[in-house]
Amino acid sequence: RPEVEPPSGLLAATDRARRAFVAVTEDLPEPGAALLRGLAIGDRSGLDAGTEAAMETSALTHLTAVSGSNCAVVVGLVVVVGRALGVPRVVRAVSAVVLLVGFVVLVRPDPSILRATVMAVVVLVVRLAGRPVRGVPLIALAAGGMLVVDPWYARSVAFVLSVLATAGIVVLAPPLTV
């Protein structure tokens, strides 16, 4: 069996951050602590079988997965805090992308979080260009771009469901809110 070297650089930093988050949540009551770790950093290892089964039965397993909403929170915080501090738009956008990349490394990249990240980066670029953000073209560009880079995403259930769920929200939400 080959030796595995410990992570270095960014991977070491995110590994320390993950361990610190787990340590901070260890004293919280269960199953809440495990659910919090799943929601915040995608770590579902602490969920007991009963909680997992209950979440599957109630169709709530998506709550313990890092999603596009996590990406939106990261980008939103950078933009809002940057704006409040008078940071120029380009610097806010670049800072948001850098933090988003760090966040993806922290939570471990899976196809759905990568799709959300690509969409967030495209939104930032479109906004910097002064163009309006339109949902369906945004999803098409992000998903199409990812498939050009790696066609195997087409076989990933997580990727397909992520794209379809996002498209469903973008297409169906506006008429339902009227």
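Going by the structure above, here's the rest.
Scope of this entry: the structure provided in the associated data block. On a predicted model such as this, the values are computed, not experimentally measured, just so you know.

A few words now on the overall build of the protein. On a plain count of helices and strands, the protein comes out with eight helices and zero strands. Starting at the N terminus, the α and β elements of the protein follow one another as α-α-α-α-α-α-α-α. Seen through its C-alpha atoms, the protein measures out along the principal axes to roughly 45 × 40 × 40 Å. Among the 178 residues that make up the protein, the fraction classed as buried is 30%. Considering only intrachain contacts with a sequence separation of at least 6, the fraction spanning at least 24 residues in the protein is 53%. Working note: accessible area of the protein is about 11300 Å², and carbon and sulfur atoms make up 69% of it. The positive charge centre, built from 15 side chains, and the negative charge centre, built from 12, are 17 Å apart in the protein.

A surface patch of nonpolar side chains, amounting to about 350 Å² of accessible area, comprises Val90, Val94, Val98 and Leu128. With three residues, the single largest contributor to the nonpolar patch is helix α5 (residues 89-107). Note that Val94 resides in helix α5.

Contact geometry of helix α6 (residues 111-128) with helix α7 (residues 135-149) gives a least axis separation of 9 Å together with a crossing angle of 125°. In terms of orientation, α6 and α7 fall into the oblique class. Along this stretch, α6 crosses α7, giving a crossing that reads as right-handed. Only Leu138, Ile139, Leu141, Ala142 and Met146 of α7 make contact with α6, whose side of the interface consists of Pro111, Leu114, Arg115, Val118, Met119, Val122 and Val123.

A few words on the environment of Leu164. With respect to the helices and strands, the residue Leu164 is situated in helix α8 (residues 157-176). Here the alpha-carbon distance between Leu164 and Val94, two residues 70 residues apart in the chain, equals 28 Å.

What follows concerns the nonpolar core. In terms of nonpolar packing, the biggest core is built from 17 residues, with Val75, Leu100, Phe103, Val107 and Ile113 touching the most fellow members. Secondary-structure elements contributing two or more residues to this core are α4 (68-84), α5 and α6. Top contributing element to this core by residue count: α5, with six residues. For Val75, the contacting residues outside a window of four places in its chain are Ala96, Leu100, Ala120 and Leu124. In this structure, Met119, Ala142, Met146 and Tyr153 belong to the second largest nonpolar core, which totals ten residues.

Only a minority of non-glycine residues have a phi that is not negative, and only a minority of peptide bonds are not trans. The omega angle of the peptide bond from Glu30 to Pro31 is 5°, so this bond is cis rather than trans. Tracing the sequence through the fold places Pro31 in the loop between α1 (9-25) and α2 (32-41). With a phi close to 75°, Arg108 is a non-glycine residue in the positive phi region. Structurally, the position occupied by Arg108 is in the loop between α5 and α6.

About the cut-offs
Starting from 1, residues in each chain are numbered consecutively following that chain's sequence as written. For this predicted model, a pLDDT threshold of at least 70 governs which residues receive local features, and a threshold of 80 or more governs which side-chain atom pairs are given and counted, while totals over whole chains, interfaces and linings are taken from all residues. As a convention, hydrogens and water are excluded, and side-chain values are obtained from all of the structure's heavy atoms. Under the scheme used here, helices are H or I runs from DSSP no shorter than 4 residues and strands are E runs no shorter than 2 residues, and both carry numbers assigned from the N terminus. Summary of the burial criterion: residues with accessible area below 20% of their type's maximum are buried, those above 50% are exposed, and those between are partly exposed, where the area comes from a 1.4 Å probe applied to protein chains only. Only heavy atoms enter the contact rule, under which two residues are in contact if any of them lie within 4.5 Å. All accessible-area figures derive from a Shrake-Rupley calculation using a 1.4 Å probe, and residue coverage is judged against the displayed protein chains alone. A positive count includes Lys and Arg, and a negative count includes Asp and Glu. His and the chain ends are not counted in either. By convention, the charge on Lys lies at NZ, on Arg at CZ, on Asp at CG and on Glu at CD. Patch construction takes residues with relative accessible area above 30% that form no salt bridge. Like charges are linked within 9 Å, and nonpolar side chains (Val, Leu, Ile, Met, Phe, Trp, Tyr) are linked within 5 Å. The salt bridge criterion pairs a side-chain nitrogen of Lys or Arg with a carboxyl oxygen of Asp or Glu, the two atoms within 4 Å. Simply put, an axis is a line fit to the C-alpha atoms, just over the touching stretch for a helix, and the angle between two N-to-C directions goes from 0 to 180 degrees. For classification purposes, angles smaller than 35 degrees are called roughly parallel, those larger than 145 roughly antiparallel, those between 65 and 115 roughly perpendicular, and all remaining angles oblique. The sense of a crossing depends on the near helix, which, turned anticlockwise from the far helix by less than a right angle, makes the crossing left-handed and, turned clockwise, makes it right-handed. Take the buried Ala, Val, Leu, Ile, Met, Phe, Trp, Tyr and Cys residues and link them wherever side-chain atoms come within 4.5 Å; each set so joined is a nonpolar core.

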